[in-house]
Amino acid sequence: MTVPRRNTPPLSGFTVRVPVRFAECDSYAVVWHGHYALYLEQVREAFTGRFGFTATKALSIGYRVPITRMEIRYRRAIVADTEIAVTARLRRPEVARLVLDYEIRDAAGELLASAETEQVVLNSENELLLSLPRDLQILVASMLAWQNETDGPER
């Protein structure tokens, strides 16, 4: 795993803009660390939803895709009444495991946090799959093709 430096170019991928609300801040007047996971979830759901696949859709077709690992590297504090850009990029899977890289940046492009999540795929009997089923292979191929065709303009 490579830890990005502060002045690295932005991650190319799917980006959403998120307004930071006062209610997300803690007594130190910065975003509470647990809310970062919600920002990652928001961009991940928007990204997969763009291709017709959400957590709800996964359940309806017999899959569960739980997060099994999440790593967040906090760089700079996020404060209320700002807007952040949250970017996600899917790595090419070798097995039935989805790994996404993320960045959170401020309006000036300053890196505030970077993260990584890992998800496994379970069937309707909660059995761990070793390879991606055909329908998920098609979904992943579409997502990877989109990433390769674009620099991931903001959505």
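1. What to know about the pattern of salt bridges
Summed over all chains, the structure comprises 12 salt bridges. With a shortest N-O distance of 3.0 Å, Glu24 and Arg21 are connected by a salt bridge. Residue Glu24 is classed as buried on the basis of its relative accessible area, which comes to 6%. Between Arg76 and Glu110 there is a salt bridge, with its nearest N and O atoms 3.8 Å apart. Within this pair, whereas Arg76 is found in the loop between strand 2 (67-74) and strand 3 (83-90), its partner Glu110 is found in the loop between strand 4 (97-105) and strand 5 (111-120), the two being separated by 34 residues in sequence. Look at Arg76 and you get partly exposed, because its relative accessible area is 38%. Taking the relative accessible area as the measure of exposure, Glu110 reaches 28% and is therefore partly exposed. Here the residues in one salt-bridge network are Arg69, Glu71, Arg73, Arg91, Arg97, Asp101, Glu116 and Glu118, joined through shared partners.

Rules of the game
Residues numbered from 1 in each chain as written. Predicted model: local features only at pLDDT ≥ 70, side-chain atom pairs only at ≥ 80, totals over all residues. Heavy atoms only, no water. Salt bridge = Lys/Arg side-chain N within 4 Å of Asp/Glu carboxyl O. Buried < 20%, exposed > 50% of the residue type's maximum accessible area, 1.4 Å probe, protein only. Helix = DSSP H or I, 4+ residues; strand = E, 2+ residues; numbered from the N terminus.

The values reported here are purely geometric and, on their own, carry no functional implication.
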